[in-house]
Amino acid sequence: MSILKNILTAIRGGASEVGEAVVDANAMRILGQEIRDAETAITKAKQSLTSLKASEIKLKREVNSLQQDITDYESKALKALEANNEGLAVEVANRIAELEAEAAEKSAEHASLSVQVDKINILIRSREKTIQKNKRELEKIKTVEQLQKATSTMSTNFAATNASEHRVSAALERVKAKQTNWEDRMEAGEWMTDSSQSDELDSKLKAAGIGAGADTGGASVLERLKAKQAG
Amino acid sequence: MSLNDLAFKLNAHTTDEGTRFDAVVSEDGVLEVFCSNNDEFPINLVKTDTQLLAITPLFSVAEVQPEKLNELNEELLFISPAIPLSSVGRQGDTYILFGAMALNTTFENIIHELEVQAENTLDVLEVIEPLLV
């Protein structure tokens, strides 16, 4: 049974409070054990992989060296033949045959080691997948446990306030009222900024002798009265 | 970042929109965060091995009009995919809004998630309110 199914069963069964097991302790132990086993297996596999890889590299080097010797002896055998020294050429040929046999043996050993190295790499990858899978499963359980913890405080509050109906509506209204109040204050702030900017503009216009309020001193009134008297 | 460090940073932070936070870590290790743009529905933050979970308890089953329970469940399933960064769910008898972040989420992104979740809470409750008692 998958962990998620276990969790659903537990929740349906009423395990919703903190401390109540979401999945039974045995399943948790098995998962934990599987993770530890897989981690141990990986450590061991990596150790043997290191020594196998070292042997593989050593064999490869030996095969290369043998092939180098073979090539070397082949040219020497040809030189012996050119010098009509059949006896020496046969001797060299025998040596070449020995070296070829040795190289073939070591090549086979090298190939077999390569296969083993590949197998161990596959094993490591597969164990790592198991670990990741099990860790994801454990994460599901831990998530539900944390959810229980995060919800429990509030659930207690609900229980305390459930006596009053419309708890959500009332809370929503309070939040909206606060937000409206905040928006009003923002608007008022903007209005203040606007009007002070407008006052500033009026002062500038007045100073420049432009606009209705540009010249309202006694002198202009006297001028107006004099004009009226003359008329 | 531990939940205590996060609480410390949240308490000292104001967003560009003027949102402030009151953050307290409870004894059982839950970080309760009140956002100034919605201080009636706190967001509870908890950590697992890989995630930082932000959970807002919305209402209990007892607060749903009994004959409207199926309708409510269906509506929540419909609106859940449309809610940015949060999902709705149920934990025991409590309906919740929740978001999950990776543990290496930056402080700025956590702030964003909290602001959005506080707004989402109001949006969801406005839709669901007619079905509550």
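See the structure printed just above.
What you are looking at is a predicted structure, and each value in this text was computed from that prediction instead of being measured.

Colleague: Looking at this structure, how should I read the overall build of chain B?
Modeller: Helix and strand content of chain B: 3 helices and 6 strands. N-terminal to C-terminal, the α/β element order of chain B is α-β-β-β-β-α-β-β-α. Against the globule reference of 14 Å for 133 residues, chain B gives a C-alpha radius of gyration of 15 Å, in line with a compact fold. With the principal axes as the frame, chain B shows a C-alpha extent of 45 × 30 × 25 Å. Buried residues in chain B amount to 50% of all 133 residues. A separation of at least 24 residues holds for 56% of the contacts in chain B among residues at least 6 apart in sequence. Taking the 5 positively charged and 23 negatively charged side chains of chain B as two groups, their mean positions are separated by 4 Å.

Colleague: Sorry, what's going on with the pairing of strand β6 (residues 94-102) of chain B here?
Modeller: Every other side chain in a regular strand lies on the same face of the sheet, so the side chains alternate between the two faces. Residue and element names in this part refer to chain B. By the bridge criterion, 9 bridges tie strand β4 (residues 51-60) to β6 in an arrangement that is antiparallel. Residue pairing in the sheet places L52 in a bridge with M101 of β6. Here 5 bridges tie strand β5 (residues 87-91) to β6, and the two strands are oriented antiparallel to one another. The partner of R90 across the bridge, within β6, is Y95. From the end of β5 to the start of β6, which pair antiparallel, there are 2 residues, and G92 there has a positive phi angle of about 60 degrees.

Colleague: Which parts of the structure should I look at to understand the packing of helix α4 (residues 167-207) of chain A against helix α3 (residues 107-128) of chain B?
Modeller: When two helices pack together, their arrangement is given by the angle between the helix axes and by the axis-to-axis distance. Following both chains from N to C, one finds α4 of chain A and α3 of chain B inclined at 130 degrees, their axes separated by 11 Å at the closest point. With respect to α3 of chain B, the element α4 of chain A is oriented oblique. By crossing handedness, the relation of α4 of chain A to α3 of chain B is classed as left-handed. Between α4 of chain A and α3 of chain B, the residues in contact are V168, L172, V175, K176 and Q179 of chain A and E119, L122, L125 and E126 of chain B, respectively. Partitioning the contact of α4 of chain A with α3 of chain B into residue classes produces 5 nonpolar, 1 polar and 3 charged.

Colleague: When you look at the nonpolar core in this model, what are you seeing that I'm missing?
Modeller: Across soluble globular proteins, nonpolar side chains have a tendency to be buried as a group. Core analysis: the biggest nonpolar cluster contains 20 residues, and F59, L72 and V124 of chain B have the highest contact counts within it. When contributions to this core are tallied by element, the ones reaching two or more residues are α4 of chain A together with β4, α2 (69-79), β6 and α3 of chain B. Within the second largest apolar cluster, 19 residues are counted, among which are A7, L52, M101 and I110 of chain B.

Colleague: Is there a simple way to explain the interface of chain B and chain A in this structure?
Modeller: Put simply, an interface is often sized by how much accessible area is lost when its parts join up. Each partner contributes residues to the interface: chain B has 36 residues there, and chain A has 27 residues. Between chain B and chain A lies a buried interface of about 2800 Å² when both sides are counted; carbon and sulfur atoms form 57% of it. Linking chain B to chain A there are 5 salt bridges. Across the pair D49 of chain B and K142 of chain A runs a salt bridge, and its minimum N-O distance is 2.6 Å. Put simply, chain B and chain A have 14 residue pairs in polar contact (both at pLDDT 80 or more) between them. Those elements giving two or more residues to the side of chain B that touches chain A turn out to be β3 (38-47), β4, β6 and α3 of chain B. Residues belonging to the side of chain B that touches chain A are distributed by class as follows: 15 nonpolar, 11 polar and 10 charged.

Parameters at a glance
Residues numbered from 1 in each chain as written. Chains lettered and ligands numbered in written order. Predicted model: local features only at pLDDT ≥ 70, side-chain atom pairs only at ≥ 80, totals over all residues. Heavy atoms only, no water. Helix = DSSP H or I, 4+ residues; strand = E, 2+ residues; numbered from the N terminus. Rg over C-alpha atoms; globule rule 2.2 N^0.38 Å. Buried < 20%, exposed > 50% of the residue type's maximum accessible area, 1.4 Å probe, protein only. Contact = heavy atoms within 4.5 Å. Lys, Arg positive; Asp, Glu negative; His and termini not counted. Charge placed at Lys NZ, Arg CZ, Asp CG, Glu CD. Pairing = 2+ DSSP bridges. Axes fitted to C-alpha atoms, helices over the stretch in contact; angles between N-to-C directions. Parallel < 35°, antiparallel > 145°, perpendicular 65-115°, else oblique. Left-handed = near helix turned anticlockwise from the far one by under 90°. Nonpolar A, V, L, I, M, F, W, Y, C, P; charged D, E, K, R; others polar. Core = buried A, V, L, I, M, F, W, Y, C linked by side-chain atoms within 4.5 Å. Buried area = accessible area lost by both parts, 1.4 Å probe. Salt bridge = Lys/Arg side-chain N within 4 Å of Asp/Glu carboxyl O. Polar contact = N/O pair within 3.5 Å; in protein donor to acceptor, adjacent residues only side chain to side chain.

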